[in-house]
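# Architecture at a glance
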Amino acid sequence: MFDVHCRHCGASVQNIFVDLGSMPPANAYLEEAALANAEKRYPLQVRVCDKCWLVQTVDYADAKEFFECDYAYFSSASSTWIAHAKDYFEKARKRFQLNSESFVLEIASNDGYLLQNFVRAGIPCLGVEPTSSTASAAAKLGVPVHQDFFSEKLAVELSEKGKQADLIVGNNVLAHVPNINDFTRGLRVILKKGGAITIEFQYLLRLIDGSQFDTIYHEHFSYLSFFTVITIFESSGLRVWDVEELSTHGGSLRVFACHTDDSRDISLNVNRLLAKERDWGVQTLKSYAKLQPTAEKIKEDLLRFLNEIKMAGKSVVAYGAAAKGNTLLNYAGITKELLPAVYDTAASKYGKYLPGSRIPILPQEQLLLDKPDFVLVLPWNIAEEICNQHSELIKSGTKFFTAVPELQFYEI
Ligand code: JHZ
């Protein structure tokens, strides 16, 4: 087998967690002109290290390829996510007593969905964001952005310019980092003495228990348990002092960290969650073997259902050109023969085609005119928000459904 060394501890990683075949990067949406060319596909194999228990993709491509300048994911597309960011801002301002003397740094600040709150409140902040499409959207909101990938080197440069932070925020970025040790060391460097770090990431145990295999794509290099995040942080001179379980993205963790020598007490939540993970079997290989069979079942059930709809002469389309939708469709080998269109609100996506499946992306207004019999909602994490917006269509008979973790229909 292809030899892989753990991104964190360097041990040889031989255990396959899941193998989803070969597919293009999930965010590589295609312009019409590109349809004449073949797409680059890479194996999507994920392994688990039996030393530090980091679940990780096998690298076949250069990370930079996944975050090109026309990166099409804009955090502000979801009102659920905007509300989550506002709620975080209010809690963080109180808990960390932030004011006009503080400095907040957000890593992967995307389109300014979070930092706009700090700007409005007069709390100095800076976003670090590599993709120019989202960074310029943030700039329009008055959010200052340093356009780059975050690294230890950048942390040193910014610290030397006096940019050490009282609060560092990183939402849905830790999984996207190929060199997780360098990134975490960077956090330690740029954190002011006595400052706090909060990091949110999709929680590996929810991913496995909820059969969320579609959230696996090349752009996500790591899949994280609490145990492993603590291990990685400790090796970089950081100490985790609190943790919260969140419902976002199918189940996430928000981890609170500080410098190792910070005097803060460790919350009871930390040992409680570590004990829960021990009982779940976070340090046992067989706990990681559950995902592949459930992924296969989801694929078979979806294909059977789409074929039944077709045979019955009914129409079916997809909604939400989410990255996770691309993993599902490409793993199941679904193309426009079974799903002729996907509708989305993001202007950055329509007119383009989904990578791999090549399904055309249409503006959501068109859905109201097309009135299909069935709509497969690809971003199941925001299915409720989406169904609420389409209550009239649902009342008029269109059936909205999701495929992960199993076929589920929505009613209003
Ligand atoms: P959504 C993202 O995953 C991407 P994705 C990223 N790689 C990551 O790590 C995770 O989140 C955590 C559209 N939409 O949020 C907008 C509508 O059309 O599940 C998006 O294209 N109408 C950073 O890509 C997609 O759905 C709507 O009303 O799987 C949302 O995808 C709403 C609310 C959204 O993310």
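Computed from a prediction, not measured in an experiment: that's the story for all the values here.

All right, on to the site of the ligand then. Residues in close proximity to the ligand total 25 residues, the closest being Glu 219, Tyr 319, Lys 324, Asp 344 and Lys 349. Within the side chain of His 176, an N or O atom sits 3.0 Å from an oxygen atom of the ligand. The separation between an oxygen atom of the ligand and a polar side-chain atom of His 220 is 2.8 Å. At the level of elements, α10 (323-332) and α12 (383-389) are the ones that each hand at least two residues to the shell around the ligand. In terms of residues, the shell around the ligand owes the most to one element, α12, which gives three residues. Residue composition of the shell around the ligand, by class: eleven nonpolar, nine polar and five charged. Both domains that furnish three or more residues to the shell around the ligand are identified here as domain 1 (75-288) and domain 2 (291-410).

Strand order in the open sheet formed by seven strands is β6-β5-β4-β7-β8-β11-β10, with mixed pairing between adjacent strands. Lying at the two open borders of the sheet, with one neighbouring strand each, are β6 (145-146) and β10 (238-246). For strand β4 (residues 104-107) and strand β5 (residues 125-128), the ladder comprises four bridges, and the chain directions are parallel. Bridging from a neighbouring strand, Leu 105 pairs with Leu 126 of β5.

Turning our attention to the pairing of strand β8 (residues 191-202). When you tally the buried positions in β8, you get nine out of twelve residues, the bulk of the element. Alignment of strand β7 (residues 165-171) against β8, held across six bridges, turns out to be parallel. Looking at β8, one finds that Gly 170 is bridged to Ile 199. Running through helix α5 (residues 180-190), the crossover from β7 to the neighbouring parallel element β8 is right-handed.

Quick look at the packing of aromatic side chains now. Each aromatic ring pair is described using two quantities: the centre-to-centre distance and the angle formed by the ring planes. Within this structure, the stated rule accounts for 14 aromatic pairs. A ring pair is formed by Phe 150 and Phe 183, whose centres lie 5.3 Å apart and whose planes are at 75 degrees; its orientation type is edge-to-face. Linking Phe 150 in the loop between β6 and α4 (152-160) with Phe 183 in helix α5, this pair joins segments that are 33 residues apart in sequence. With relative accessibility at 9%, the residue Phe 150 sits in the buried group. Note on Phe 305 and Phe 409: the rings are 5.6 Å apart at their centroids and 80 degrees apart in plane angle, and the pair reads as edge-to-face. Here the residue Phe 305 occupies a position in helix α9 (residues 291-311), and Phe 409 occupies one in strand β17 (residues 408-409), the gap between them amounting to 104 residues. The partly exposed category is assigned to Phe 409, whose relative accessible area is 39%. Among the aromatic residues, those joined into a cluster by ring pairs are Phe 17, Trp 53, Trp 280 and Tyr 288.

For the bond running from Val 404 to Pro 405, omega is 5 degrees, close enough to zero to count as cis. Its place among the elements puts Pro 405 in the loop between β16 (399-402) and β17. Here the phi dihedral of Gln 97 falls at roughly 45 degrees; this positive angle occurs in a residue that is not glycine. Assessed through its relative accessible area of 63%, Gln 97 is described here as exposed. Phi angles above zero are rare outside glycine, and Asn 110 is one such case at about 45 degrees. Mapped onto the secondary structure, Asn 110 falls in the loop between β4 and α2 (115-120). According to the relative accessible area criterion, Asn 110 is buried, its value standing at 6%.

The rules behind each value
- Residues numbered from 1 in each chain as written.
- Predicted model: local features only at pLDDT ≥ 70, side-chain atom pairs only at ≥ 80, totals over all residues.
- Heavy atoms only, no water.
- Near = heavy atom within 4 Å.
- Polar contact = N/O pair within 3.5 Å; in protein donor to acceptor, adjacent residues only side chain to side chain.
- Helix = DSSP H or I, 4+ residues; strand = E, 2+ residues; numbered from the N terminus.
- Nonpolar A, V, L, I, M, F, W, Y, C, P; charged D, E, K, R; others polar.
- Domains from an automatic or database assignment.
- Pairing = 2+ DSSP bridges.
- Buried < 20%, exposed > 50% of the residue type's maximum accessible area, 1.4 Å probe, protein only.
- Right-handed = clockwise from strand over helix to strand, strands pointing away.
- Phe/Tyr/Trp six-rings, centres within 6.5 Å; stacked < 30°, edge-to-face > 60°.

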